[in-house]
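Examination of the molecular architecture
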Amino acid sequence: MLTVDVSKAASFLSEPCEDALRPSLEQAANWLQNGGGRGSDFLGWVALPENYDREEFSRIEKAAAKIKGDSKALVVIGIGGSYLGARGVVECLCSPNYNLKKKDTPNIYFIGNGLSSAALREVYELVEDVDFSVNVISKSGTTTEPAVAFRFFKSLLEKKYGKEGAAKRIYATTDRARGALKGLADAEGYETFVVPDDVGGRFSVLTAVGLLPIAVAGVDVKALMSGAEEMMKLCRGNDFSNPAWQYAATRSALYREGKKVELLACFEPSFRFMAEWWKQLYGESEGKENKGLFPASVDFTADLHSMGQYIQQGERMLLETVVRFEPDDNQMCVPRDEADGDGLNFLAGKTLHEINTQAMDGTLLAHVEGGVPNMIVRAGKRDARTLGELIYFFEYACGLSGYVLGVNPFDQPGVEAYKKNMFALLGKPGYEAMGDELRARL
Ligand code: PA5
């Protein structure tokens with residue numbers, strides 16, 4: 001089971017945070033578990049691991065089996081919370097090189113998460129000549145980036161398979177009743193999955209939003225949910241034996257003492273998109289009302305050779321949280337070389353994990369010495385169960401931290417600003433006057 005080690009962070013605090021933050025954590029936990037706090041309409045994720053819709057879950061498994069049987073590729077169209085979690089889990093468990101590997105599951109391409117023509121064309125051309133399916137994901141059903149991408153892939157599917165054949169290859173994950181995507185899906189007869197009303201995008205990875213693409217990649221989604229359920233039970237403990245309390249309290253206390261940036265680090269490169277998911281989770285939940293730790297991420301050891309200098313000696317507003325996994329099986333061992341021209345025979349016979357662990361410990365000591373408080377999140381083996389635990393842990397700690405910070409952790413009013421400007425500049429009906437005003441300011 002996941003644990004948090006805050007011993008290399010606590011020494012940076014002028015007083016232990018347990019006593020100072022206990023009342024606000026008790027309040028925050030009460031709001032998460034019983035409602036009553038800001039944004040309490042969006043607490044559906046809290047009990048999701050035990051309350052999820054079993055009927056829909058089995059439809060997700062069936063749809064995944066069908067896609068595996070009839071498609072060489074799945075195009076996942078979504079942005080923000082509608083794709084980061086799925087991509088994070090797929091890359092972490094199946095590799096960032098998943099699409100290049102020999103396997104009996106379809107390639108997975110994530111698109112609709114930007115407006116680049118080059119990115120869209122690339123995926124379009126990659127699937128043009130193979131059997132493929134589409135999972136279009138949008139809670140609101142109105143987000144521009146995925147809606148634009150969907151037009152291209154819907155029309156490609158219709159060209160390849162006809163309208164009826166295409167409809168059998170399109171899976172829409174969206175609101176139960178509202179939004180343009182829901183209307184389109186019903187009109188065209190797509191199979192639909194639901195983003196529950198009370199689960200916000202960045203908390204939705206354990207709903208159909210994440211589960212369908214994750215299941216198509218061959219990940220054991222039952223194990224993912226059961227890991228999350230275990231962590232949910234642990235998080236119900238309202239004291240500092242709860243790892244989410246330790247993490248939330250320590251990062252909140254460090255923020256109050258002037259640490260403004262939290263770096264999430266991992267020594268497994270496959271974690272990169274989990275870190276992207278974490279950045280959205282914390283950035284959108286806490287970054288408001290001119291407050292909040294800025295979430296950033298680094299891939300170690302690679303970034304020790306780029307960002308390492310800044311972390312060691314730059315401005316001292318950083319704190320670091322490092323996710324450590326137990327060693328994978330099938331470790332590579334450093335080979336012996338008789339000539340020993342590189343002088344590395346002292347490492348011969350050691351596993352890469354042994355070497356990586358020394359890199360982790362060496363980095364920990366150096367960064368703490370350099371003035372960067374460090375927390376270690378010790379996770380289990382890099383498998384579905386562990387990721388379920390980790391996802392729920394970060395979600396729950398995020399809810400706690402947001403309430404301790406005094407913000408509504410479940411809204412994202414700031415995301416609307418660019419959207420309105422973009423609509424106005426693009427001439428969307430209803431935004432004409434705003435468009436003129438913006439153009440005059442450019
Ligand atoms: O967390 C959020 O709510 C956002 O990041 C959304 O996930 C993102 O904007 C995509 O929205 P939608 O799923 O409505 O297309």
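Worth saying up front: this structure is predicted, and the values here are computed from it rather than measured.

Tallying secondary structure elements over the chain gives 17 helices and 10 strands in all. Overall, the C-alpha framework of the chain stretches about 60 × 60 × 50 Å when taken along its three principal axes. Among the 442 residues that make up the chain, the fraction classed as buried is 52%. Sequence-distant contacts, at least 24 apart, represent 78% of the contacts inside the chain between residues at least 6 apart. A total accessible area of about 19,600 Å² is found for the chain, and carbon and sulfur atoms account for 52% of it.

Turning our eyes to something else, we now look at the site of the ligand. Taken together, 13 residues sit near the ligand, with Ser 82, Ser 138, Ser 140, Thr 143 and Gln 280 positioned nearest. Here Lys 139 contributes a backbone N or O atom positioned 2.8 Å from an oxygen atom of the ligand. Protein coverage of the free-state accessible area of the ligand, which is 380 Å², stands at 89%. Its atoms largely coinciding with the cavity grid, the ligand occupies the largest pocket.

Below, the discussion takes up the pattern of salt bridges. Here the structure, examined in full by the defined rule, presents 31 salt bridges. The closest approach of N and O atoms between Arg 441 and Glu 437, which form a salt bridge, is 3.0 Å. Pair noted here: Arg 441 and Glu 437 are both in helix H17 (residues 432-441), with a separation of four residues, about one helical turn. We classify Arg 441 as exposed; its relative accessible area is 61%. One network of salt bridges, with partners in common, ties together Glu 55, Glu 56, Arg 59 and Glu 191.

With that out of the way, let us pick up the domain arrangement of the chain. By the assigned domains, the chain splits into domain 1 (3-37 + 224-404) and domain 2 (48-222). On a C-alpha basis, the centroid separation for the pair domain 1 and domain 2 is 29 Å. Facing the 28 residues of domain 1 at the interface are 27 residues of domain 2. Overall, the association of domain 1 and domain 2 removes approximately 2,400 Å² of surface from exposure, summing both partners, and the carbon and sulfur fraction of that is 69%. When the area that domain 1 buries against domain 2 is broken down by residue, the three leading residues are Leu 224, Met 225 and Phe 273, summing to 32%.

Below, the discussion takes up the sheet that holds strand E5 (residues 170-174). Spatially, the five strands line up as an open sheet ordered E3-E2-E4-E5-E6, and their pairing is parallel. Whereas interior strands pair on both sides, the edge strands pair on one side only; in this sheet they are strand E3 (107-111) and strand E6 (191-194). Each adjacent strand pair in this sheet contributes to an overall mean axis angle of 20°, direction not counted. The sheet contact formed by strand E4 (residues 132-138) and E5 spans five bridges and is parallel. Bridge pairing links Ile 137 to Thr 173 in E5. The strands touched by helix H9 (residues 208-216) within the sheet are strand E2 (73-77), E3, E4, E5 and E6, with E4 carrying the most contacts at an inclination of about 160°.

Below, the discussion takes up empty space enclosed by the protein. Taken as a whole and assessed by the stated rule, the structure comprises two cavities of 30 Å³ or more. Considering only enclosed or pocket space, the largest cavity measures out at about 60 Å³ in volume. Mapped onto the lining of the largest cavity, the elements with two or more residues apiece are strand E9 (318-324), helix H14 (352-369) and strand E10 (374-378). Here the residues of the lining of the largest cavity are counted per class, giving five nonpolar, two polar and two charged. Lining the second largest cavity, in full, are Phe 42, Gly 200, Gly 201, Arg 202, Phe 203, Phe 410 and Gln 412. Residue classes in the lining of the second largest cavity are distributed as three nonpolar, three polar and one charged.

Here helix H4 (residues 54-70) is 17 residues long and its end C-alpha atoms lie 24 Å apart, about the 24 Å a rise of 1.5 Å per residue gives. Listed as buried for H4 are Glu 56, Phe 57, Ile 60, Ala 63, Ala 64 and Ile 67. Buried residues of H4, seen end-on, are gathered within an arc of 120° and therefore sit on one face of the element. Among the exposed residues of H4, those oriented more than 90 degrees off its buried face are Lys 62 and Gly 69. Looking at the buried residues of H4, the elements they touch are E2, E4, E5, E6, H9 and helix H10 (221-235). With a side-chain oxygen lying 3.0 Å from the backbone nitrogen of Glu 55, the N-terminal cap of H4 falls on Asp 53.

On to a nonpolar patch on the surface. On the surface, Leu 115, Val 148 and Phe 152 cluster together to form a nonpolar patch covering roughly 260 Å² of accessible area. With respect to the helices, strands and loops of the structure, Phe 152 is situated in helix H7 (residues 144-167). Since its relative accessible area comes to 39%, Phe 152 is described here as partly exposed.

Helices that pack against each other are described as a pair by the angle of their axes relative to one another and the distance between those axes. Two elements in contact, helix H12 (residues 272-286) and helix H15 (residues 384-405), have axes separated by 9 Å at closest approach and are oriented at 20°. If you check the angle between H12 and H15, you find them roughly parallel. Seen from above, H12 lies across H15 with right-handed handedness. Across from Met 274, Trp 277, Trp 278, Leu 281, Tyr 282, Ser 285 and Glu 286 in H12, the residues of H15 making contact are Leu 387, Ile 391, Phe 394, Glu 395, Ala 397, Cys 398, Ser 401, Gly 402 and Leu 405. Classifying every residue of the contact of H12 with H15 gives 11 nonpolar, three polar and two charged.

Cut-offs used in this document
- Residues numbered from 1 in each chain as written.
- Predicted model: local features only at pLDDT ≥ 70, side-chain atom pairs only at ≥ 80, totals over all residues.
- Heavy atoms only, no water.
- Helix = DSSP H or I, 4+ residues; strand = E, 2+ residues; numbered from the N terminus.
- Buried < 20%, exposed > 50% of the residue type's maximum accessible area, 1.4 Å probe, protein only.
- Contact = heavy atoms within 4.5 Å.
- Areas by Shrake-Rupley, 256 points an atom, 1.4 Å probe, with all protein chains shown as cover.
- Near = heavy atom within 4 Å.
- Polar contact = N/O pair within 3.5 Å; in protein donor to acceptor, adjacent residues only side chain to side chain.
- 1 Å grid on protein atoms, 1.4 Å probe; cavity = no way out; pocket = protein on both sides within 12 Å on 5 of 7 lines; lining within 4 Å.
- Sits in = over half its atoms within 2 Å of the grid points.
- Salt bridge = Lys/Arg side-chain N within 4 Å of Asp/Glu carboxyl O.
- Domains from an automatic or database assignment.
- Buried area = accessible area lost by both parts, 1.4 Å probe.
- Pairing = 2+ DSSP bridges.
- Axes fitted to C-alpha atoms, helices over the stretch in contact; angles between N-to-C directions.
- Points joined across faces, edges and corners; volume = space filled by probe spheres on them.
- Nonpolar A, V, L, I, M, F, W, Y, C, P; charged D, E, K, R; others polar.
- Expected span 1.5 Å × (residues − 1).
- Arc of directions from axis to C-beta.
- Patch = residues over 30% accessible without salt bridge, like charges linked within 9 Å, V, L, I, M, F, W, Y side chains within 5 Å.
- Parallel < 35°, antiparallel > 145°, perpendicular 65-115°, else oblique.
- Left-handed = near helix turned anticlockwise from the far one by under 90°.

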